[in-house]
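Fold and geometry: a report
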Amino acid sequence: MMLRNAVKLLIVLTLALPLVALVLVWVAGLLRAMGDAAGATAVGYVGTACQVSWFVCLVSLLISLAILVMNSQPPTPEEGE
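Residues numbered from 1 in each chain as written. Predicted model: local features only at pLDDT ≥ 70, side-chain atom pairs only at ≥ 80, totals over all residues. Heavy atoms only, no water.

Thoughts on the environment of Thr14
Stated precisely, the cut-off is as follows: Numbered from the N terminus, helices here are DSSP runs of H or I no shorter than four residues, and strands are runs of E no shorter than two. Remark: exposure states derive from per-residue accessible area (1.4 Å probe, protein chains only) relative to the maximum for the residue type, with buried under 20%, exposed over 50%, and partly exposed in between. Only heavy atoms matter for contacts: two residues are in contact if any of them lie within 4.5 Å across the pair. N or O atoms within 3.5 Å of each other form a polar contact, as long as, within protein, one can give a hydrogen and the other can take it, and as long as residues adjacent in sequence are counted only when both atoms are side-chain atoms.
Within the secondary structure, Thr14 sits in helix H1 (residues 2-33). Classification of Thr14 by relative accessible area gives buried; the value is 12%. Remark: the alpha-carbon pair of Thr14 and Phe55, spanning 41 residues in sequence, is separated by 8.3 Å. Setting aside chain neighbours within four positions, we find Thr14 in contact with Trp54, Cys57, Leu58 and Leu61. A polar contact of 2.6 Å, which involves the side chain of Thr14, links it to the backbone oxygen of Leu10.

Now the structure itself:
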């Protein structure tokens, strides 16, 4: 049960983190256009951390799904077939 919850969380993170990274890139560009280079750099670092987190979540999701599939029971043939 805990593995399924972890897979659900990783799916949500895998889908949401690219959107967050996209918004952070947009905010960094906006700050740079407004003349706030330090703020744009800080937001850029947060965006980079978000992209690294996305990659880690993607690899973790792949491993979790592999473990989930390997732990599942094969279907048993019903009598009479």
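Regarding a nonpolar patch on the surface
What counts here: Without a salt bridge and with relative accessible area above 30%, a residue can belong to a patch; like charges are then joined within 9 Å and nonpolar side chains (Val, Leu, Ile, Met, Phe, Trp, Tyr) within 5 Å. Where accessible areas are quoted, they stem from the Shrake-Rupley method and a 1.4 Å probe; at the residue level, only the protein chains shown are allowed to cover. Salt-bridge detection follows one rule: a side-chain nitrogen of Lys or Arg within 4 Å of a carboxyl oxygen of Asp or Glu.
A contiguous nonpolar surface patch, about 680 Å² in accessible area, is contributed by Val52, Trp54, Phe55, Val56, Leu58, Val59, Ile63 and Ile67. By the secondary structure assignment, Leu58 is in helix H2 (residues 37-71).

Comments concerning the packing of H1 against H2
Let me state the cut-off plainly: The angle between two axes is taken between their N-to-C directions and runs from 0 to 180 degrees, where each axis is a line fitted to C-alpha atoms and a helix contributes only its stretch in contact. An angle counts as roughly parallel when it lies under 35 degrees, as roughly antiparallel when it exceeds 145, as roughly perpendicular when it falls between 65 and 115, and as oblique in every other case. In this scheme the crossing of two helices becomes right-handed for a clockwise turn of the near helix relative to the far one and left-handed for an anticlockwise turn of less than a right angle.
The geometry of H1 relative to H2 is characterised by a closest axis approach of 8 Å and an angle of 160° between their N-to-C directions. The angle between H1 and H2 falls in the class roughly antiparallel. Between H1 and H2 the crossing geometry is left-handed.

Description of H1
What counts is decided by this rule: Residue count minus one, scaled by 1.5 Å, sets the expected span of a helix. One axis fitted to the seven residues ending at a residue, another fitted to the seven starting there: the angle between these axes is the bend at that residue.
The end-to-end C-alpha distance of H1, which contains 32 residues, comes to 46 Å, matching closely the 46 Å that a straight helix rising 1.5 Å per residue would cover. At Ala16, H1 is deflected by roughly 30°, the largest bend along its length, and proline Pro18 occurs up to four residues later in sequence. Those residues of H1 lying buried are Val7, Leu10, Thr14, Leu17, Ala21, Leu24, Ala28 and Leu31. Where H1 is buried, its residues meet H2.

Purely geometric numbers; function is a separate question.
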